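The residues making up each chain are set out below.
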Amino acid sequence: MEELFWQLNSVNEYFGILITWLFVFAFLFTLSAAINKQDKSRVNLSFIMMASYTSSLFMDITTAAPHLKMFIFDVL
């Protein structure tokens, strides 16, 4: 059973990369949709979310207190 959980943990990296790419595409879509508009709040929000999730790719979840590290990445 423990082997199964460690195998699921290795799949975690692939899901993280997929989700990060989806946030990049969402940022690029909002950027292209708001290129000639005055209100850039959606672009700013999508950029912050993209940067937060991209920086979380460099975090090792198997270490102690991963939620604290995620909070620190979100604050940065």
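See the structure shown above.
Residues numbered from 1 in each chain as written. Predicted model: local features only at pLDDT ≥ 70, side-chain atom pairs only at ≥ 80, totals over all residues. Heavy atoms only, no water.

A. Up close: the overall build of the protein. Looking only at helices and strands, the protein features three helices and zero strands. What you see in the protein, going N to C, is helices and strands ordered as α-α-α. Computed over its C-alpha atoms, the radius of gyration of the protein comes to 16 Å, more than 25% above the 11 Å expected for a compact globule of 76 residues. Its C-alpha atoms give the protein principal-axis dimensions of roughly 55 × 20 × 15 Å. Within the protein, the fraction of its 76 residues that count as buried is 17%. Expressed as a percentage of contacts within the protein between residues at least 6 apart in sequence, the contacts between residues at least 24 apart total 39%. Summed over its atoms, the accessible surface of the protein is roughly 6,400 Å², and 71% of this surface lies on carbon and sulfur atoms. Across the protein, 4 positive and 6 negative side-chain charges occur, with their mean positions spaced 23 Å apart. (Helix = DSSP H or I, 4+ residues; strand = E, 2+ residues; numbered from the N terminus. Rg over C-alpha atoms; globule rule 2.2 N^0.38 Å. Buried < 20%, exposed > 50% of the residue type's maximum accessible area, 1.4 Å probe, protein only. Contact = heavy atoms within 4.5 Å. Areas by Shrake-Rupley, 256 points an atom, 1.4 Å probe, with all protein chains shown as cover. Lys, Arg positive; Asp, Glu negative; His and termini not counted. Charge placed at Lys NZ, Arg CZ, Asp CG, Glu CD.)

B. Representation of the nonpolar core in the model. Ranked by size, the top nonpolar core spans six residues in total: F23, V24, F27, A34, V43 and M50. For this core, the leading source of residues is helix α1 (residues 2–33), giving three residues. Here V43 is in contact with F27, T30, L31 and A34, once residues within four sequence places are set aside. (Core = buried A, V, L, I, M, F, W, Y, C linked by side-chain atoms within 4.5 Å.)

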